[in-house]
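# Survey of secondary and tertiary structure
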Amino acid sequence: MNSTPCQPAGDQAPSAVPLFPLRVPAGFPSPADDYAEESLDFNRLLVADPPVTVAMRVAGDSMIGAGILDGDLIVVDRGLVARPGDVVVAVLDGEFTVKRLKRIGHDGFALAPENPEYPEIPLDGASELTVLGVVVHAIHSFDSAGRAQPRNR
Amino acid sequence: MTVALIDCNSFYASCERVFRPDLAGKPIVVLSNNDGCIVAQSREAKNLGIPRGLPLFKAREIIEKEDVAVFSSNYALYADLSRRIMDLLASRVPRMEVYSIDEAFLILDGHPGDPAGLCRMVRNDVFRGVGIPTSVGIGPTKVLAKIAAKQAKKRPDEVFAIGPSESAVDEILAGTPVKEVWGVSRGLAKRLAERGVATALDLKGVDDAWAKKRITMTGLRIVWELRGIPSIDMEEIPPPKQGIMSSKSFGRPVTALEDLREAAADYAMRAAEKLRNQNSICSVVDVALTTNYFRDSDRQYSANRTVSLARPTDYLPSLAEAARSGLEAIYKPGYRYKKVSVYLSGIEDKNKRQGELFDAPDPRKEAVSRAVDRITAKYGRDALHCRAARLDADWHMRREFLSPLYTTRWSDLPVAHAR
């Protein structure tokens, strides 16, 4: 048997024996862990960045072409920088309005509705544009009878 | 160390503007509990000469004449917007410490790039993302950062780094009255002035031994901070006037409601102590719970609940009960919580409270509160534990000018017109 013989202390100075703290995991890994899934979380789906996300209620039908109907709830991300083609919530005449941001020509912008009954609003360059945020989701509820109320609160 | 203090401009008034684009640039005032007097004004209202503390009935004339927008304190809205700002800040600058409802310290050490540039970016993110304008002061210590923040409000770009040269720092300190130095109370400022210490520069230059004797170790730490030596921990900081925060991060994650309840009751007690020490009463208790944001492997959850009390109080059982009910409303099992905090706001001076017909203080409650103070002083905070007590709900605060709870009630969502 090969083993390191114990050395008598002899003329060697005693040395400290280092202790290596070992972290022993308390349990055993379970085969189910690899398959552990979380339930679908609607918050995660709809809200990418909670501190800068606001919910708003739509009043009017100028955006029905975009699939945003009167009474819908929209999820607005204030952290995203608006780009032409985005549906945005902008400030116009002291109120919030939902429109599609459109580029006109070289450096002009317009706020466009998605309903032929409403006019496009040209803006005098980016300086005139105040955007609250970009609309990332529109939620339409079909529950006209009001039956889908939260149970077990 | 490089530390920044980010401070919201006219916070309550700014909150009222977030969902009212028609009020941009207009004078706004916000009223105290029970719509008694003006507690906050927008810059435009300040410029009209409307001072803080003015009773509403005295301000009516100028309000009508100048078309000033008036709001009751909407604590739930302010608390939610504040939480958004703090969460946003924490995601940009991990080492941050919330100081009050509208101020936070950001420790910038280790961040690449120049501190002022980083602060401008953060400030911009807060304005774009939450809608609240802020100003930022930067310095080598918290006390200096706070002085810098005051300077920042006067600058157009609202970010100001004090120094770097000592002479540049001293120039600012020479122009700062000693009562504006963080941690210096009015009484202390008076005593210092009597001894020829009138400016922050004077205070910086005092003899250490003298300071330790005359203004205690706390005062000496303030002096060291003025000299650029970080010396003050969050725990020793005097609470701000608008709110009292009590919280702590747990060393190990906590999952059980029972443990969180105990922590919340404890923090409510500490906060109540501070409240009583400054002779104040409060009407809002905000409880917040968070998981560890930086542990990617943990499921994340953070929530808060604002509980408005029927009547402003300093009665510990009422505050503890409010904290408990707030906690239970937001607690979710299965999460590893890192922190619970209790924040008291809607603070008023106990003695200044205007007499109300049905508002006679209950002498038995006062006796209980005094007994609690005595026992705590003698045996320490842990001697007493608060058992659940019922909230009073005999009357409600008058809040005639309350704005909608835009971010916390589905029925109050701001409207986006599609026309």
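Going by the structure above, here's the rest.
This report concerns the structure included in the present document. (Residues numbered from 1 in each chain as written. Chains lettered and ligands numbered in written order. Predicted model: local features only at pLDDT ≥ 70, side-chain atom pairs only at ≥ 80, totals over all residues. Heavy atoms only, no water.)

### Examining the overall build of chain A
What chain A contains, in helices and strands, is 1 helix and 7 strands. Element order for chain A, N to C, with α for helix and β for strand: α-β-β-β-β-β-β-β. Evaluated residue by residue, chain A yields a buried proportion of 25% over its 153 residues. When contacts within chain A are restricted to residue pairs at least 6 apart in sequence, those whose partners lie at least 24 apart make up 48%. Surface summary for chain A: the accessible area is close to 11400 Å², and the carbon and sulfur share equals 55%. (Helix = DSSP H or I, 4+ residues; strand = E, 2+ residues; numbered from the N terminus. Buried < 20%, exposed > 50% of the residue type's maximum accessible area, 1.4 Å probe, protein only. Contact = heavy atoms within 4.5 Å. Areas by Shrake-Rupley, 256 points an atom, 1.4 Å probe, with all protein chains shown as cover.)

### Remarks on unusual backbone geometry
Residue and element names in this part refer to chain B. Each neighbour pair has its own omega, and for Gly163 with Pro164 the value is 5°, a cis peptide bond. As for its position among the elements, Pro164 is in the loop between β8 (159–161) and α7 (166–174). You will see that Ser10, though not glycine, has its phi angle at about 40°, which is positive. Its location among the elements puts Ser10 in the loop between β1 (3–8) and α1 (11–18). Given a relative accessible area of 23%, Ser10 falls into the partly exposed group. One non-glycine residue, Glu158, adopts positive backbone phi at about 60°.

### A word on the interface of chain A and chain B
The interface of chain A with chain B comprises 30 residues on the first partner and 21 residues on the second. When the two sides are added together, the surface that chain A and chain B hide from each other amounts to roughly 2300 Å², 55% of it contributed by carbon and sulfur. Looking only at chain A, the three residues that lose the most surface to chain B are Pro51, Arg78 and Phe96 of chain A, adding up to 29% of its buried area. Between chain A and chain B we count 1 salt bridge in total. As a salt-bridge pair, Glu95 of chain A and Arg419 of chain B come within 2.6 Å of each other at their nearest N and O atoms. There are 18 residue pairs in polar contact (both at pLDDT 80 or more) connecting chain A and chain B. Elements with a contribution of two residues or more to the side of chain A that touches chain B: β1 (53–59), β2 (73–77), β3 (87–92) and β4 (95–104) of chain A. Its residues placed into classes, the side of chain A that touches chain B shows 18 nonpolar, 6 polar and 6 charged. Judged from the 3 bridges that link them, β1 of chain A and strand β14 (residues 415–417) of chain B form a sheet pairing that is parallel. (Buried area = accessible area lost by both parts, 1.4 Å probe. Salt bridge = Lys/Arg side-chain N within 4 Å of Asp/Glu carboxyl O. Polar contact = N/O pair within 3.5 Å; in protein donor to acceptor, adjacent residues only side chain to side chain. Nonpolar A, V, L, I, M, F, W, Y, C, P; charged D, E, K, R; others polar. Pairing = 2+ DSSP bridges.)

### Digging into the pattern of salt bridges
When charged atoms on two side chains of opposite charge get close, those side chains can pair. Residues and elements named next belong to chain B. Enumeration according to the criterion identifies 24 salt bridges over all chains in this entry. Note that Glu97 is salt-bridged to Lys142, the shortest N-O span being 3.3 Å. Highlighted residues: Glu97 in strand β5 (residues 96–100) and Lys142 in helix α6 (residues 142–152), separated in sequence by 45 residues. Of the residues examined, Glu97 reaches a relative accessible area of 24% and is grouped as partly exposed. Look at Lys142 and you get buried, because its relative accessible area is 5%. A salt bridge links Arg324 to Glu321, with the nearest nitrogen and oxygen atoms 3.0 Å apart. On the criterion of helical spacing, the pair formed by Arg324 and Glu321 is a turn pair, its members being 3 residues apart in helix α12 (residues 316–330). By relative accessible area, Arg324 is classed as partly exposed at 25%.

### What about a positive patch on the surface?
On the surface, Lys150, Lys154, Arg155, Lys179 and Arg186 of chain B cluster together into a positively charged patch. By the secondary structure assignment, Arg155 of chain B is in the loop between α6 and β8. (Patch = residues over 30% accessible without salt bridge, like charges linked within 9 Å, V, L, I, M, F, W, Y side chains within 5 Å. Lys, Arg positive; Asp, Glu negative; His and termini not counted. Charge placed at Lys NZ, Arg CZ, Asp CG, Glu CD.)

### Remarks on the sheet that holds β5 of chain B
Residues and elements named next belong to chain B. The strand order across the open sheet formed by 5 strands is β5-β6-β1-β7-β8, and the pairing between neighbours is mixed. Of all the strands in the sheet, just β5 and β8 have a single pairing partner and so form its edges. Across this sheet, the average inter-strand angle for adjacent strands is 20°, counted without regard to direction. Bridge count for β1 against strand β6 (residues 103–107) is 5 bridges, and the pairing is antiparallel. (Axes fitted to C-alpha atoms, helices over the stretch in contact; angles between N-to-C directions.)

### What about helix α3 (residues 56–66) of chain B?
Note that an α-helix has 3.6 residues per turn; residues three or four places apart therefore point the same way. All names here are of chain B. Within α3 the residues assigned to the buried category are Leu56, Ala59 and Ile63. The buried residues of α3 occupy one face: seen down the axis, they fall within an arc of 65°. Away from its buried face, by an angle of more than 90 degrees, α3 presents the exposed residues Phe57, Lys58, Glu61, Glu64 and Lys65. Buried residues in α3 make contact with β2 (28–31), β3 (38–41) and β4 (69–72). Of the residues trailing α3, Asp67 is marked for its positive phi of about 55°. (Arc of directions from axis to C-beta.)

### Brief notes about the pairing of strand β7 (residues 134–139) of chain B
Looking along a regular strand, one sees the side chains alternate between the two faces of the sheet. Residue and element names in this part refer to chain B. Extensive coverage of β7 is indicated by the burial of 6 of its 6 residues. By the alternation rule, side chains of β7 split into Thr134, Val136 and Ile138 and Ser135, Gly137 and Gly139, which are all buried. By the bridge criterion, 6 bridges tie β1 to β7 in an arrangement that is antiparallel. Residue Leu5 lies in a different strand from β7, and its bridge partner there is Gly137. Sheet topology note: the β7/β8 ladder contains 3 bridges and is parallel. Bridging from a neighbouring strand, Val136 pairs with Val159 of β8.

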